[in-house]
Structure formats: structure tokens, C-alpha cells
Amino acid sequence: MKARVNSPVTLWPWLLLSLALAPLPGPAATLVVHADRPGAAISPNLYGAFFEDINRAGDGGLYAELVQNRSFEDATNLIAWTPLTNAAARVTFTLDQSAPLNPANPTSLKLSIAATGGGRAGVYNQGFKGVTAGKAPDTSEAWRRRFDAAQRSPANGLAVQAGRAYLFSVYARSRDFTGPLAVSLETQSGEVLAQERIPNLGGDWRRFALTLTPARTDPDARLVIAADQPGTLWLDMVSLFPKDTWKNHGWRPDLAEMMAGLHPALLRFPGGSYSEGHILADAWRWKETIGDVAARPGTWNIWGYRSTGGLGFHEYLQLAEDLGAEPLYVAHAGMAEVGFVPLVEFGPWVQDVLDAIEYANGPVTSHWGALRAQNGHPAPFHLKYVEIGNENGMGYSWGGGTRGDYLPRYQAILARIQAAHPEIVTIANLHTEPDAPADMVDEHYYDSSDWFFNAATKYDHYDRTGPKIYVGEYAVTHDAGHGNLRAALAEAAFLTGLERNGDVVAMSSYAPLFTNPQWQRWSPDAIVFDPTRVYGTPSYHLQTMFAANRADLVLPVDLPVTTNAVPTLFAIAGLKKDSGDLILKVVNRSDRPESLDLQLSGLSGTISGGTCTELSAASLDAENSFEQPQNIFPKTTRLVAGDLSAPHIFPAYSATVLRWSTHSILR
Ligand code: AHR
């Protein structure tokens, strides 16, 4: 970058309009951006996304499957399926394991129809209505009542759109059953929206597929599978997917678009506590999540439901590619929350990590690379980041083990990765130094807004000789409501510190990403959805604003001197190397607007136009909701070119991104 001469450029009155509208505060103080003193590089990967199947983010969320409990493995009773029968019919519904579809999918639904009573006999599914469960008590009567109440409620239904094609498939077999099987989308009152028939089932398992195109839109439909002849039949792996999904890879389009709006540089997956499992039997083992979805066993998800594994290792890598994000795989370190793999038995778990890298990146001539090609992606996925475990060894009261449990497992995986794949950047889930080296360490922060405001300077004082830091999970949780402006502003202040310390902090990702409130186990979350609606919290919008305006080099900022014990203004400035754009991010947490003279020190001339994007509201408690999804929403105005000196007003309770094109004066 070349900058001309010395005198400060005053950045001028792009907001004449807002001056006219807003009450003028006292005399303007000065905010100086030292445009001629570019400092540390800001990591291009600073803004990432962390995807975990929590709050139905995956099954019932981004993974566009519309059938809950599609393989009848979710519970020991018929969860999410309702028998369809009549008073004169004689039908029994049994979860049957006598002739499994495959070993990973032992349970199927057996319908024994002795008499149809002149009507029809079958089952229906209403999508992802329901409530979370604990693994042990999910068969209790109290829980069942809550689940059934959710099934009866019109909220969170199986939503279908008129004219949109839905791909239905089922594995089925029969005995003494001659009739066709009718498959339909129906309203709650039984009006048929779309119907097709499967004529002959046969005695052995076979997959049947058909397309249903509903005649009209219904946010609360039923998928009905029914017979009007007696006989015995078995069903398994019942699936209904919209034909059109985001990038044709099975992602619910509106949710995927929200993720894309984060411009994530990296995608951390699959968790989180979900990947660890509370016990080892529930650990996320990537090899159980690839290939034919009907042969994936699924796992009990620590967040209160069963995950199908449909969103598997291959799909996560594909999602990262679709988002243009670097995949970051959280490999299992042999430690569930409670229960660890004994070190003498740890070899296969280490090999799993090596195999995962080969699956993602290996040539098609390699064993796992060939499988990737067979699964539809011959080109490597370019996995570069592997995190060894999640929050293991931190000595939590509910589990997690000690640092002493983690270190040998970490080192065993690290050594093999370093030997076989020196190109992979490994991430430790806690500070392993000085006992073991680390390329990078993942730090997680969930705390109050005050903690985050105070932590805006946390990394200013960090050890520059240690490993790079990945702030892999963070969010204001203590005073954030369901996701309020206070949280977004505190996170924004914290982010100014991450940007300023690009020589320490390489990456970050807000957490968690998604919630369906009916299945919520963690709050707040960045993106809130139900089957037909989605909105971003203020924290989500803040992320989009900051991630869309990444600078490459930090420019020092002088904020006005304040006597306040607690600072109310936070700022970070940076330079975009290719365009020469200057980016200034300012957080005003106070209840008063701040009028500042903005000065670019070390440059002269005038500045061509730019943009001002603001996120603010009258109250720190303000939130978005399904009813008011854009109550708090970034507003962008254009900055006009000029050289007139005038203050910029940063509204009360606001985060602002100013971006100027300095093309004419920097070149
Ligand atoms: O983001 C929610 C949870 O918080 C994650 O699963 C876990 O890593 C952390 O404790």
C-alpha cells in the first residue's frame, strides 16, 4: 500500500441526513485511524461457522428430511408415527426386529391387518413435531404425554408447498398382502393433497420411490401410508425430501441461505458435545455416517433426540464446499463426557482419524479416497483443519475427564497426523503446552455481556510465542434473553479484540448456530427456525456485518480519551489490501449517541464514497421473533464522497461498520 503525505484527512458528512434527524449531542471528540501504520495481519479465516446438530439443527433442520423417526430406531415405542385405523378394523402395529433391513437398522414397523373394517389401515407421520427427551426416561408416561401434545398441536408441522415436488421412498415387504399401498400427503382433516400407489410389495425388502406434488400449500400436513386390503406388511426407512434443495445436496434452502449469509471462512463440525457423546456408545463415529443412508445406524444425540446420521461426514464436507468454507473436522479423542477409551485399546480410534483424513483428501486410488469417489465426490475435499476432541479434559462436574486423561490421547493422535499428514493443522481442545505442542488451541467462552465487553482487550495481552488461538465457541449467554441486542454488542466488542490481535487469534465461530424453539436445549442461538420460517438474532446479523467486511491488516485506532471506568466505545480499523478499502467497526454500548470526528491520519486528499451499516435499537433487550423477524436488522446507507469536515454520529446501543473506498488516495 502506498499512502500520500501526512496531514490527517477528516472523514466527512456522509450522514448529513442523520444529523438533521438526530438530536445533536455535545461537542465532537475525535476518533483517529492511523491509515499509514498498517500492523498485524487479520486472519482470512477469522469468521467461521460452527455447525452442531443441537436444537434440531441437523435432523429436522438443515438436513431437509421431512419424516421424523424414519427408520423406527428412535425409541422403543412408535414415536412420531400415529396408527391410522377405524373402529371396525383389526390391526396391530409392532416394532419388529425379526427380519431387519440390515444390521445397522434392526427395527422395522410391522402392520398386521386382519380386517380393514371397510376403511383403510396404516400410519402417518407429521414431521418434526415433538419435544426433547433424556436418553433414559424417554419412555416415561409424563414425557410421552408431552410428546403427544406436541403431535396434536398445529405448530411445527410437516410443511408442504403447492406445486413443489417431494421425493418419497420406503423399504417394504409383505406377507399375504395383495393390495397396493397408498402413499399420500393429506391435511389434518384428511383432504388428499397428493397421492401415489405402490402396486406390489413382494416378500423381500425392496426400495420403492415415487414423487408427490401437493395441490396446495399446507404448513401442517400428514404423510400417510395406508392399505385397504388385509395382510401383513413391514415398512422401514420412510423418507420424504423436497426435490429441490440448496445446491441439490439435501439442505433446506432457507436455512442454508442463512448460513451462506455468514460468509463463513470455515465450517467446524460435527460438534460439540454431540460429537463426544455422553457415553462412548453415543460417540459420533464418522465411519458409521457414510454411504447408503439406510445402512447408517444413527446415534443418540446428547441434545435430546436421536440423530439419523443422514448428515454424515461426507455431507459435512460437502456442506463446507457448498459454502466455500474450509472444513474443520472435530475428531473424536476417545473421550466421551463420561467414559474414555482405555489407552491400550486406543489404536483403532487413532486410525479412524487418519482414515477420515484419507477419506476427505486421499487419491481415488486409496481405500478411503475410492469410497469418497464412490459416494459421489472423486475430487478431494481439501480438509486442512482437524481438531482433536471437543472440551475433553477440562474437569467438568458432569464429565469431560482431566487434562491428564486428554494429553496422552491427544498426543497419540497428534503424532500420527504429524507423521502422515504434516500439511494438516491440528487443533488442541485445551492448552496442552508446555507438556505437548499445539499448532492451535480452541478456546470456548459462554458468559455475560460484561465479560465480553471486558474481554475486548483479552488478547492484547496474550503470549505471542504460544500456539495460535481458535475461539471455536463463544456467545453471550447470561443476559442475552433469547438473543438480544446487548449480546450482539458485547460480542461485537469482543470481536474488535480478535481482529486487533490477528497475530494470535486465527479463527473464531459463534455458537450454537441453529434452534427450533420446540426442540431447544441451548439458548441463545444465531438462527431461529420452524418448518416454514427463519430469522436471525441480532448476534447473527452482527456476524454477517463483520464477516462481510473483513480487512487484511489492522490499522491502529485512537479512541477519545474517557474518564469512564467502563469503556462504552470499542473500535477496530483495517485495510483491505486488494481494494484499498478502509473498514472501521465501532460499538457504542452507551444509552447516548456518540458524535465523533473521524480522522484518517497519514493520508491526504478526499475519499470517494462508501457505506455505513448500522445495527441498533432503542433497548438493549430488543430481540427479533417470528412475528418481528427484522425488528433489529442491519441498515446500510451510502456515504457520499467529499471533504467537508463533520462528525459521525454513532447511535446509542449500536454496532456500526463504515467502509470507504480509498482507491484514489492510496494508490
Ligand atoms: O455450543 C453448545 C455446546 O457448548 C457445545 O456442544 C459444547 O462444545 C459446549 O459446551
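The written sequence of each chain sets the order in which its residues are numbered from 1. It should be noted that, the model being predicted, local features are given only for residues of pLDDT at least 70 and side-chain atom pairs only at 80 or more, the latter also being counted only at that level, while totals for whole chains, interfaces and linings use all residues. Only hydrogens and water are removed before side-chain values are computed, so all heavy atoms of the structure are retained for them.

1. Concerning the overall build of the protein
And step 1. Runs of E in the DSSP output that reach at least two residues are strands. Runs of H or I that reach at least four are helices, and both are numbered from the N terminus. In terms of helices and strands, the protein carries 12 helices and 35 strands.
And step 2. Each residue's exposure class comes from its accessible area (1.4 Å probe, protein chains only) as a fraction of the maximum for that residue type: buried when under 20%, exposed when over 50%, partly exposed otherwise. Taking all 667 residues of the protein together, 60% fall into the buried category.
And step 3. For the protein, restricting intrachain contacts to residue pairs at least 6 apart in sequence, the fraction spanning at least 24 positions comes to 77%.
And step 4. Residue-level accessible areas treat just the shown protein chains as cover; the underlying method is Shrake-Rupley with a 1.4 Å probe. Accessible area of the protein: about 24,700 Å², with a carbon and sulfur share of 54%.
And step 5. Note on charges: Lys and Arg go in the positive column, Asp and Glu in the negative column, and His and the chain ends are not counted at all. Working definition for charges: the position is that of NZ of Lys, CZ of Arg, CG of Asp or CD of Glu. Each charge class in the protein can be summarised by its mean position, and for the 52 positive and 68 negative side chains these summaries are 4 Å apart. Any two residues whose heavy atoms approach within 4.5 Å are treated as being in contact.

2. A closer look at the packing of aromatic side chains
And step 1. Between rings of Phe, Tyr and Trp, where Trp is taken as its six-membered ring, a pair exists when centres lie within 6.5 Å; planes separated by under 30 degrees are stacked, by over 60 edge-to-face, and by other angles tilted. Going through the model one piece at a time under the given rule, you end up with 33 aromatic pairs.
And step 2. Ring centres of Trp286 and Phe313 lie 5.0 Å apart, and the angle between their planes is 50°; on these two criteria the pair is classed as tilted. One end of the pair, Trp286, is in the loop between helix H4 (273-276) and strand E16 (299-301); the other, Phe313, is in helix H5 (residues 313-323), with 27 residues separating them in the sequence.
And step 3. Exposure remark for Trp286: the relative accessible area of 1% places this residue in the buried category.
And step 4. Pairing Tyr535 with Phe626 gives two aromatic rings, centres 5.2 Å apart and planes at 90°, and the pair type is edge-to-face. Separated by 91 residues along the polypeptide, Tyr535 in strand E26 (residues 534-536) and Phe626 in the loop between strand E32 (610-616) and strand E33 (635-639) bring together distant segments of the chain.
And step 5. An aromatic cluster is present here, built from Phe51, Phe269, Trp284, Trp286, Phe313, Tyr316, Tyr329, Tyr359, Trp368, Phe514 and Phe529 joined pairwise through their rings.
And step 6. Lying over the aromatic face of Trp519, Arg56 brings its terminal NZ or CZ to 4.1 Å of the ring centre. Whether a charge sits over a ring depends on NZ of Lys or CZ of Arg being within 6 Å of the ring centre and within 35 degrees of the ring normal.

3. Some details on helix H11 (residues 538-547)
And step 1. Of all 10 residues in H11, 10 are buried, a share of seventy percent or more.
And step 2. Listing the buried residues of H11 in full gives Pro538, Ser539, Tyr540, His541, Leu542, Gln543, Thr544, Met545, Phe546 and Ala547.

4. Concerning a nonpolar patch on the surface
And step 1. Think of a patch as exposed residues, more than 30% relative accessible area, with no salt bridge, where like charges cluster within 9 Å and nonpolar side chains (Val, Leu, Ile, Met, Phe, Trp, Tyr) cluster within 5 Å. Each salt bridge in this description consists of a side-chain nitrogen of Lys or Arg and a carboxyl oxygen of Asp or Glu lying within 4 Å of one another. A surface patch of nonpolar side chains, about 280 Å² in accessible area, is lined by Met394, Tyr396 and Trp398.
And step 2. Looking at the secondary structure, you find Tyr396 in the loop between strand E19 (385-388) and helix H8 (403-420).

5. Structural notes on the pattern of salt bridges
Any two side chains of opposite charge can pair if their charged atoms end up close together.
And step 1. The final tally for this structure, using the stated rule, is 24 salt bridges.
And step 2. Its salt-bridge partner being Asp442, residue Arg268 comes within 3.3 Å of it at the nearest N-O pair. Pair noted here: Arg268 is in strand E15 (residues 266-269) and Asp442 is in strand E21 (residues 440-447), with a separation of 174 residues, a long-range link.
And step 3. Here Arg268 falls in the buried class, since its relative accessible area comes to 0%.

6. With respect to the site of the ligand
And step 1. Taken together, the residues surrounding the ligand are Glu52, Gly272, Ser273, Trp303, Asn390, Glu391, Tyr446, Glu473, Pro512 and Trp522.
And step 2. Under this definition, polar contacts are N or O atom pairs within 3.5 Å; protein pairs additionally need one hydrogen-donor-capable and one acceptor-capable atom, and for neighbouring residues in sequence, both atoms have to be side-chain atoms. Contact between the ligand and Glu52: an oxygen atom at 2.7 Å from a side-chain N or O atom of the residue.
And step 3. The separation between an oxygen atom of the ligand and a polar side-chain atom of Glu473 is 2.7 Å.
And step 4. Burial of the ligand by the protein amounts to 96% of the accessible area it has alone, namely 280 Å².
And step 5. For this classification, Asp, Glu, Lys and Arg are treated as charged, while Ala, Val, Leu, Ile, Met, Phe, Trp, Tyr, Cys and Pro are nonpolar and the rest, including Gly, are polar. Each residue belonging to the shell around the ligand can be placed in one class, and the counts come to four nonpolar, three polar and three charged. Here a residue is near a molecule or strand as soon as one of its heavy atoms is found within 4 Å of it.

7. Description of the sheet that holds strand E18 (residues 326-331)
Backbone hydrogen bonds hold the strands of a sheet together, and the pairing may be parallel or antiparallel.
And step 1. Taken in spatial order, the eight strands close into a barrel running E3-E15-E18-E19-E20-E21-E22-E23, and their pairing is parallel. When strand polarity is set aside, the average angle formed by the axes of neighbouring strands in this sheet is 25°. For two strands to count as paired, DSSP must find a minimum of two bridges between them. Between the N-to-C directions of two axes lies an angle of 0 to 180 degrees, each axis being a line fitted to C-alpha atoms and, for a helix, fitted only over the stretch in contact.

8. Some remarks on the domain arrangement of the protein
And step 1. Under the domain assignment used here, the protein contains domain 1 (9-41 + 551-661), domain 2 (47-53 + 260-548) and domain 3 (81-242).
And step 2. What fixes the domain bounds is an automatic or database domain assignment. Its C-alpha centre places domain 1 at a distance of 56 Å from the equivalent point of domain 3.

9. Describing the side chain of Asp53
And step 1. Position of Asp53 among the secondary structure elements: in the loop between strand E3 (47-50) and strand E4 (81-84).
And step 2. Among buried charged residues, Asp53 stands out as having no salt bridge; its nearest opposite-charge side chain is Arg56, 6.0 Å away.
And step 3. A distance of 2.9 Å separates the side chain of Asp53 from the backbone nitrogen of Gly58, its partner in a polar contact.
And step 4. Contacts of Asp53, omitting those with residues within four sequence positions, involve Gly58, Asp59, Pro270, Tyr274, Asn301, Trp303, Tyr305 and Ser307.

10. Points about the environment of Leu596
And step 1. Positionally, Leu596 belongs in strand E31 (residues 594-601).
And step 2. Its relative accessible area of 0% is what places Leu596 among the buried residues.
And step 3. Each C-alpha atom of the pair Leu596 and Leu559 lies 9.3 Å from the other, and the pair is 37 residues apart in sequence.
And step 4. With residues up to four places along the chain from it excluded, the contact list for Leu596 reads Ala28, Ala29, Leu31, Pro560, Leu569, Pro647, His648 and Phe650.

11. Structural notes on the layout of surface pockets
And step 1. Using only the protein atoms, space was sampled on a 1 Å grid; points where a 1.4 Å probe fits but cannot get out form cavities, open sets with protein on both sides within 12 Å along at least five of seven lines form pockets, and lining residues are those with an atom within 4 Å of a point. Grid points are joined across faces, edges and corners, and a volume is the space filled by probe spheres set on the points. Empty space within the largest pocket amounts to approximately 700 Å³.
And step 2. Surrounding the largest pocket, 31 residues form its lining, Tyr63, Phe241, Gly250, Val293 and Glu315 being those nearest its centre.
And step 3. Listing elements by their share of the lining of the largest pocket, those giving two or more residues are strand E9 (166-175), strand E12 (206-212), strand E14 (231-242) and H5.
And step 4. In terms of residues, the lining of the largest pocket owes the most to one element, E9, which gives five residues.
And step 5. Mapping the lining of the largest pocket onto the domain boundaries places at least three of its residues in each of domain 2 (47-53 + 260-548) and domain 3 (81-242).

12. Focus: the sheet that holds E12
And step 1. The five strands lie next to each other as E5-E6-E14-E9-E12, forming an open sheet whose pairing is antiparallel. This sheet does not close on itself; its edge strands, each paired only once, are strand E5 (90-96) and E12. When strand polarity is set aside, the average angle formed by the axes of neighbouring strands in this sheet is 30°.

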